[in-house]
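# Reading the structure
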Amino acid sequence: MDVFDRNINIDALFKFSQISRSTQLHLKNVYSSLAACMLVAAAGSYVHVVTRLFQGGLLSALGSLAMIAWLGMTPHSPESERKRLAILSGFAFLTGLGLGPTLDFVIAVNPSIIVTAFMGTSVIFICFTLSALYAKRRSYLFLGGTLMSALSLLLLLSLFNIFLGSVVLFKANMYVGLLIMCGFVLFDTQLIIEKAENGDKDYVWHCVELFLDFVAIFRKLMVILAMNDKDKKKEKK
């Protein structure tokens, strides 16, 4: 037998037998909305970094919270779909605007880090998403409690470090936080599948969950790469 004579069925790569057809269609809506959110968020970041018409900061953060609260209070229905998508767009724009200060810091160190971080985030997100989709249903749902506990602990350490000012603790926070958010991609993806299988087809809110995961990974990866780049420059001096 010729070991090189193998037929590769590309279609098999996109078959998820454990996920119903309706849920697969739901996921298409989720990821289509997610792609749109990224474009709108990029526009928000562009406004901060290039045009300077609006600046990311406390107001953009409060605006994002207001948008997400408004979205949560608006019931999911065919009649409110356009309204909720508009709210989602506003939330994504303000979130992108809120990334502005971090982008300013990274640009001051090395502008190319932004592209590297985005590509790295995309690869991480896609890999963990596919892992969740191809894995046995509910196999990662057990991570929920552990991830929330770890995130709470990380938040407490961050608050403690405000007074301590430890660079080592800050770096550890970034690396551990990155691992936690990768875990959330697995957990949230499978949780969305289970919700959809049980009749929850609110793709707008499910998009928000994954969008927040992506932004968190992107932010942390940018900071990590920027810190490493600064350390390399210091060693060369």
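Residues numbered from 1 in each chain as written. Predicted model: local features only at pLDDT ≥ 70, side-chain atom pairs only at ≥ 80, totals over all residues. Heavy atoms only, no water.

Under an unreviewed UniProt entry, the name given to the protein is Transmembrane BAX inhibitor motif-containing protein 6, and the organism recorded is Takifugu bimaculatus. UniProt, in its Sequence similarities (unreviewed entry) section for the protein, records the words "Belongs to the BI1 family." Annotation of the protein in UniProt includes, under Subcellular location (unreviewed entry), the sentence "Membrane". (UniProt positions renumbered as here; feature names shortened; annotations may be inferred.)

The UniProt entry lists residues 30–47, 53–73, 85–107, 113–133, 140–160 and 172–191 under the feature "transmembrane region" (unreviewed entry), expressed in the numbering used here. The span residues 85–107 is 96% helical and 0% strand by assignment, and the distance between its end C-alpha atoms comes to 31 Å. The span residues 113–133 shows a helical share of 100% and a strand share of 0%, and its end C-alpha atoms are spaced 30 Å apart. (Helix = DSSP H or I, 4+ residues; strand = E, 2+ residues; numbered from the N terminus.)

Now for the confidence of the model for the protein. Looking at the protein as a whole, its pLDDT mean stands at 89, while 92% of the residues score no less than 70. Here helix α6 (residues 143–164) is the element of the protein with the lowest mean pLDDT, 91, and helix α3 (residues 81–98) is the one with the highest, 96. (pLDDT = per-residue confidence, 0-100.)

When two helices pack together, you describe them by how their axes are tilted relative to each other and by the distance separating the axes. Two elements in contact, α6 and helix α7 (residues 167–197), have axes separated by 10 Å at closest approach and are oriented at 160°. One element, α6, and the other, α7, form an angle in the roughly antiparallel class. For the pair α6 and α7, the sense of crossing is left-handed. Within the contact between the two elements, α6 uses L143, G144, L147, M148, A150, L151, L154, L157, S158, F160, N161 and L164 and α7 uses L169, F170, N173, V176, G177, I180, G183, F184, L186 and F187. Class assignment for the residues of the contact of α6 with α7 results in 16 nonpolar, six polar and no charged. (Axes fitted to C-alpha atoms, helices over the stretch in contact; angles between N-to-C directions. Parallel < 35°, antiparallel > 145°, perpendicular 65-115°, else oblique. Left-handed = near helix turned anticlockwise from the far one by under 90°. Contact = heavy atoms within 4.5 Å. Nonpolar A, V, L, I, M, F, W, Y, C, P; charged D, E, K, R; others polar.)

A few words on the environment of T121. Relative to the elements of secondary structure, T121 occurs in helix α5 (residues 112–134). Residue T121 is classed as buried on the basis of its relative accessible area of 0%. Setting aside residues up to four positions removed in sequence, T121 forms contacts with F214, I217, F218 and L221. (Buried < 20%, exposed > 50% of the residue type's maximum accessible area, 1.4 Å probe, protein only.)

Closest axis-to-axis distance for the α5/helix α8 (residues 203–236) pair is 9 Å, and the angle between their directions is 135°. Between α5 and α8, the angle falls in the class oblique. When you trace α5 past α8, the crossing you get is right-handed. Residues I113, I114, T116, A117, F118, G120, T121, S122, I124 and F125 of α5 form the contact with α8, whose participating residues are L210, F214, I217, F218, L221, M222, L225, A226 and D229. For the contact of α5 with α8, the class distribution of residues is 14 nonpolar, four polar and one charged.

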